[in-house]
Amino acid sequence: MSEGKVPLSVKPAVPRHVAIIMDGNGRWAAARGLPRVEGHQRGVEALRRTIRAAGEIGIGFITIFSFSAENWSRPASEVGELMGLLRRFIRNDLAELHQSNVRVRIIGEREGLDADIGRLLVEAEELTRGNSGLTLVVAFNYGARQEIARAARRVAEQVTSGAIKNADVTMETLGRFLDAPDVPDPDLIIRTSGEQRLSNFLLWQSAYSELVFVPTYWPDFDRAALELAIGEYQQRERRFGGLVAKTGS
Ligand code: IPE
Ligand code: IPE
Ligand code: MG
């Protein structure tokens, strides 16, 4: 292959891992004079559409930012509604996800969650453990700095116990202690609603991700919007610090 150019005959690759910051539920609702919770409810429908589309498009991994470690600072009523939506999503959709051969993984801090939510998260992971289709990674009570700090703590424990030496602490070592170390880094991160920031999402894993920001509010997101974002991704030249375009995965 000539340097820096992909021959026109090569079909652009579908990203192996797409991560999505599902943002704009509240603004979607406000624009219609509806309560914010209505936006969150419609957001769950957008999520169902997007998971289905991801499977059909042939994406291997999809990570969704469903509740951040910082979202606890919202009013208790909204936090309660978001927790209720997660409970209902798992109760209503888990069987169908399982039937569709989707494997569910959860990242984020489990400690401190309501016991029933903790059990639902374990149930989702256990039931779908053997599935070989799309992997759905749910970032729940997730913050990237917290995840990195947890990993650093585990590395420190290993050093203290003598299992590894100081000098063996490399980026690979730390990476092994992240919440889902076997999941490849996202090739593409999409944020909806027009905001252009990561808000403490996958800071370690996004080192070489392509970022695509779309104006659509999350409840309006659908297969066409996903395909548009993937189209933009496919125009990008990923060099990973080198001079030659490489595919991400
Ligand atoms: C995303 O929508 C959902 C969560 C963060 C849980 P928002 O609730 O952030 O909606 P906006 O940003 O206020 O419009
Ligand atoms: C990020 O959105 C978190 C989720 C999508 C779950 P926020 O709406 O919480 O982010 P900020 O506060 O606008 O940065
Ligand atoms: Mg928001």
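Residues numbered from 1 in each chain as written. Chains lettered and ligands numbered in written order. Predicted model: local features only at pLDDT ≥ 70, side-chain atom pairs only at ≥ 80, totals over all residues. Heavy atoms only, no water.

Describing the environment of G55
We apply this condition: Only DSSP runs of H or I reaching four residues or more are called helices, and only runs of E reaching two or more are called strands; each is numbered from the N terminus.
Relative to the assigned elements, G55 resides in helix α2 (residues 36-57). Separated by 80 residues in sequence, G55 and T135 place their C-alpha atoms 9.1 Å apart.

Some words on the site of ligand 2
Using the following cut-off: Consider each residue's heavy atoms; a residue with any of them within 4 Å of a molecule or strand counts as near. Polar contacts, as counted here, are pairs of nitrogen or oxygen atoms within 3.5 Å of one another; within protein the pair requires one atom able to donate a hydrogen and one able to accept it, and residues that are adjacent in sequence qualify only if both atoms are side-chain atoms. Only the protein chains shown count as cover for residues, and the accessible areas themselves come from Shrake-Rupley with a 1.4 Å probe. Each residue gets one label: Ala, Val, Leu, Ile, Met, Phe, Trp, Tyr, Cys and Pro are nonpolar, Asp, Glu, Lys and Arg are charged, and the others, such as Gly, are polar.
Surrounding ligand 2, one finds I21, M22, D23, F65, S66, F67, S68, N71, R74, R191, R197 and S199. Within the side chain of D23, a nitrogen or oxygen atom sits 3.3 Å from an oxygen atom of ligand 2. The contact in question runs from an oxygen atom of ligand 2 to an N or O atom on the side chain of R74, over 3.2 Å. Compared with its free state, where it exposes 390 Å², ligand 2 has 77% of that area covered by protein. Take the shell around ligand 2: its biggest share by element is four residues, from strand β2 (residues 61-68). When the residues that make up the shell around ligand 2 are grouped by side-chain class, the tally is four nonpolar, four polar and four charged.

So, unusual backbone geometry
Using the following cut-off: To sort residues, take the accessible area from a 1.4 Å probe on protein chains only and compare it with the maximum for the residue type: under 20% means buried, over 50% means exposed, and anything in between is partly exposed.
The residue N200 is not glycine, and still its phi comes out positive at about 65°. Here N200 shows up in the loop between β5 (188-191) and β6 (210-213). Given the relative accessible area of 13%, N200 is considered buried. Notably, L202 is not glycine yet its phi reads approximately 45°, a positive angle. Here L202 lies in the loop between β5 and β6.

Description of the pairing of strand β1 (residues 17-21)
Note the following rule: When DSSP finds at least two bridges between two strands, those strands are taken to pair.
In terms of residue burial, β1 counts as a mostly covered element, since five of its five residues are buried. The alternating pattern of β1 places H17, A19 and I21 and V18 and I20 on opposite faces, both of which are buried. Bridging between β1 and β2 involves five bridges; their strand directions are parallel. Of the residues in β2, the one forming a bridge with V18 is I62. The sheet contact formed by β1 and β5 spans four bridges and is parallel. Counterpart to A19 in the pairing with β5 is I189.

As for the sheet that holds β6
For clarity, the cut-off: Angular values range over 0 to 180 degrees, each being the angle between N-to-C directions of two axes fitted as lines to C-alpha atoms, with helices fitted over their stretch in contact. Contacts are assigned to residue pairs that have any heavy atoms within 4.5 Å of one another.
The six strands lie next to each other as β3-β4-β2-β1-β5-β6, forming an open sheet whose pairing is parallel. In this open sheet, the two strands that pair with only one neighbour each are β3 (103-107) and β6. When the angles between neighbouring strand axes are averaged without regard to direction, this sheet yields 20°. Here β5 runs beside β6; their pairing, made up of four bridges, is parallel. In the strand pairing of β6, L188 is matched with E210. Each of β3 and β4 (135-142) is contacted by helix α4 (residues 115-128), which is oriented at about 140° to β3, the strand it contacts most.

Let's talk about the nonpolar core
Put simply, the rule is: By convention a nonpolar core is built from buried Ala, Val, Leu, Ile, Met, Phe, Trp, Tyr and Cys residues, the set being connected through side-chain atoms within 4.5 Å.
Ranked by internal contacts, the top residues of the largest apolar core, which has 46 residues, are F140 and I190. Looking at this core, the element that brings in the most residues is helix α3 (residues 76-99), giving nine residues. Excluding its chain neighbours within four sequence positions, the residues that come into contact with F140 are S66, F67, M83, L86, I106, I107, G108, E109, L113, I117 and L121. Core analysis: the next-biggest nonpolar cluster, separate from the first, contains 15 residues, F65, A139, I189 and L198 among them.

A look at the site of ligand 1
Ligand 1 sits among 13 residues. The nearest are D23, G26, R27, R36 and R74. One of the backbone nitrogen or oxygen atoms of G26 is found 2.9 Å away from an oxygen atom of ligand 1. Contact with the protein chains hides 87% of the accessible area of ligand 1, taken as 380 Å² for the molecule alone. Breaking the shell around ligand 1 down by element, the ones donating at least two residues are α1 (25-30), α2 and α3. At three residues, the largest contribution of residues to the shell around ligand 1 is made by α1. Along the lines of polarity and charge, the residues of the shell around ligand 1 split into two nonpolar, six polar and five charged.

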